[in-house]
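What follows is each chain in one-letter form.
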Amino acid sequence: MMKCLLSGAAFAAIAVTAPVAAQDVAIINATVAIGDGSEPINEATVIVRGGEVVAVGTELRPDPSVPTIDAGGRWVTPGIVSAVTDLGLYDVGAVGASNDKSAGDSRFNAALNVAPAINPSSQHIKVSRAGGITRALVTPSHGNSLFAGQGAVIDLGADANAVMEAKAFQMANLGERGARLSGGSRTAAYVELANALAEARAFARGDWEGEEALLTRADAQALVPVVNGSQQLYVEVERAADIRNVLDLKRRYARLDLVLVGASEGWLVASEIAAAGVPVIADALDDLPASFEQLGATQSNIGRMKAAGVKVAIGRMSGTTDGHPRSAAQFAGNLVALSKVPGASGLSWGQAFATISSIPAEIAGHAGKFGVLKPGAVGDVVIWDGDPLEVNSAPTQVFIAGVEQPLDNHQTELAKRYRDLDESDLPKAYDW
């Protein structure tokens, strides 16, 4: 039985500072999920001070001066981390003027940076926050190149400062889509990638020949952190053969810090992925061959990769109805249920929750900073009205960096407006 985890060193390494309005709070009598892969603990306490978790465990006695919430046995978890999403990049997908997901007509690709386009007031952010999402790894979509641009790590707090880390990673595609964007073949995609990395190296050395180069100056400069290993390269790839080719890149370009995205056939090469030490952000339940590169898709993909020693997170959830980030908990729950299906490979409850909390944070380079309830982590805490991996459960309170967040959004306001509709009235007008 875990007794207590006490705070030691001060928060460091990332620019997550406690807001002025950060609250001190002790949540007692809770079923607590740490988020690190361990199983939940009962009758536990979580203490947050100055926007930071300072203690978690059983048999804790909070300072009487700290405001206390009695959870009454309800579940308390770290905030969910949405990996590889488009949160904050559009309001209405079909309205181009409100959509900053991709820039297909731009002269630039690798240099594109989503950070200035993030809209903290987006309804998609508000809806996700109400679903327990507190942090996200936001990425652009591909436009006219195998490089989509640079993603950002954001928080979903109700304030104007959403971006935690700009230019956190570069996004590329070396599967079917990358082949189409590069001229119609994977052969062209790999030549384009090799040329881009070579030009970025030349730029770093100071002997880049702009007039002869295929990359723009901005794109060459943007890829320098990729080739020197200071910026991660997220590569969307699905089939086993393509995964092997991407892993081979790590052998040829030793400094590349690779992350596989998608990996529907990852289970077929799981031992090779694990040996390379490359993490994966996977779709949760791909089990149909939606394309030729997904012929080996199976719901057991994540479970089998996990069993082989691969670090796997659930990701690639956008604002669409069937794949909204708030559905991540449901999909993680499906992986728990899958562990009970004969012949299938799923995850334990703790392992499944980690795929949407601590593991996305670790992959992004922020291990122990968010996605967990441990001393020194930022105070992202969610109180649920039931098991968070059950589809009928929902958050009742959400704290981001120790600040309690509003859970209202366009959907909740519409529900209130029309719950008691008098059909004799004209449709009610919006007041905001």
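Given the structure is predicted, the values throughout are model-derived calculations rather than measurements.

Caption draft 1: Region of the structure containing helix α1 (residues 123-130). Along α1, six of the eight residues are buried, which leaves the element largely enclosed by surrounding structure. All buried positions along α1 are accounted for by His124, Ile125, Val127, Ser128, Arg129 and Ala130. Buried residues in α1 make contact with β8 (133-138), β9 (147-155), β16 (395-400) and α11 (410-419).

Caption draft 2: Inspection of the nonpolar core at higher detail. Core analysis: the biggest nonpolar cluster contains 103 residues, and Leu174, Tyr234, Ile273, Val280, Ile356 and Leu389 have the highest contact counts within it. Tallying contributions element by element places helix α3 (residues 186-205) first for this core, with eight residues. Beyond its immediate chain neighbours, meaning those up to four positions away, isoleucine 273 contacts Ile243, Leu247, Leu260, Gly266, Val278, Val280, Met305 and Val310. Membership of the second largest hydrophobic core comes to 18 residues, among which are Val25, Val48, Ile69 and Ala71.

Caption draft 3: Representation of the pattern of salt bridges within the structure. Under the defined criterion, the tally for this structure stands at 17 salt bridges. Between aspartate 248 and arginine 252 there is a salt bridge, with its nearest N and O atoms 3.0 Å apart. With aspartate 248 and arginine 252 both in helix α5 (residues 240-252), this residue pair falls four residues apart, about one helical turn. Residue class for arginine 252 comes out partly exposed when judged on its relative accessible area of 48%. For aspartate 283, the salt bridge is made with arginine 316, and the minimal N-O distance between the two is 2.9 Å.

Caption draft 4: How the structure looks around unusual backbone geometry. In this model, glutamate 43 sits at a positive phi of 50 degrees, which is unusual for a non-glycine residue. Residue classification places glutamate 43 among the exposed positions, given a relative accessible area of 63%. Unlike most non-glycine residues, alanine 401 shows phi in positive territory, near 55 degrees. Structurally, alanine 401 is set in the loop between β16 and β17 (403-404). For alanine 401, a relative accessible area of 7% puts it in the buried group.

Caption draft 5: Main features of the packing of α3 against α5. Interaxial distance between α3 and α5 falls to 13 Å at its minimum, and their mutual angle equals 15 degrees. The orientation of α3 relative to α5 falls into the category roughly parallel. Regarding α3 and α5, the two cross each other, and that crossing is right-handed. Here α3 contributes Arg186, Tyr190 and Leu193 to the contact with α5, which in turn contributes Asp242, Asn245, Val246 and Leu249.

Caption draft 6: Layout of the side chain of serine 82. Topologically, serine 82 is positioned in strand β7 (residues 80-85). Residue classification places serine 82 among the buried residues on the basis of a relative accessible area of 6%. Look past the residues within four positions of serine 82 in its chain and what remains in contact with it is Ile133, Arg135, Ala136, Leu137, Met317 and Pro325.

Caption draft 7: Inspection of the packing of aromatic side chains at higher detail. For the structure shown, the criterion picks out four aromatic pairs. Seen in terms of ring centroids, phenylalanine 169 and tyrosine 234 are 4.1 Å apart; in terms of plane orientation they differ by 10 degrees. Their pairing is stacked. Taken as a pair, phenylalanine 169 in strand β10 (residues 163-173) and tyrosine 234 in strand β11 (residues 232-237) lie far apart in primary sequence, 65 residues in all. Since its relative accessible area comes to 1%, phenylalanine 169 is described here as buried. Linked through ring pairs, Trp75, Trp349 and Phe353 together constitute an aromatic cluster. Positioned above the aromatic ring of tryptophan 267, the side-chain terminus of arginine 304 is 4.7 Å from the ring centre.

Caption draft 8: Summary view of the side chain of glutamate 293. Position of glutamate 293 among the secondary structure elements: in the loop between β13 (280-282) and α7 (301-307). Residue glutamate 293 is classed as buried on the basis of its relative accessible area, which comes to 11%. At 3.0 Å, the side chain of glutamate 293 and the backbone nitrogen of glutamate 176 are in polar contact. Here glutamate 293 is in contact with Gly175, Glu176, Arg186, Glu238, Arg239, Asp242 and Glu265, once residues within four sequence places are set aside.

Here is what the cut-offs are and how they apply
Residues numbered from 1 in each chain as written. Predicted model: local features only at pLDDT ≥ 70, side-chain atom pairs only at ≥ 80, totals over all residues. Heavy atoms only, no water. Buried < 20%, exposed > 50% of the residue type's maximum accessible area, 1.4 Å probe, protein only. Helix = DSSP H or I, 4+ residues; strand = E, 2+ residues; numbered from the N terminus. Contact = heavy atoms within 4.5 Å. Core = buried A, V, L, I, M, F, W, Y, C linked by side-chain atoms within 4.5 Å. Salt bridge = Lys/Arg side-chain N within 4 Å of Asp/Glu carboxyl O. Axes fitted to C-alpha atoms, helices over the stretch in contact; angles between N-to-C directions. Parallel < 35°, antiparallel > 145°, perpendicular 65-115°, else oblique. Left-handed = near helix turned anticlockwise from the far one by under 90°. Phe/Tyr/Trp six-rings, centres within 6.5 Å; stacked < 30°, edge-to-face > 60°. Lys NZ or Arg CZ within 6 Å of the ring centre and 35° of its normal. Polar contact = N/O pair within 3.5 Å; in protein donor to acceptor, adjacent residues only side chain to side chain.

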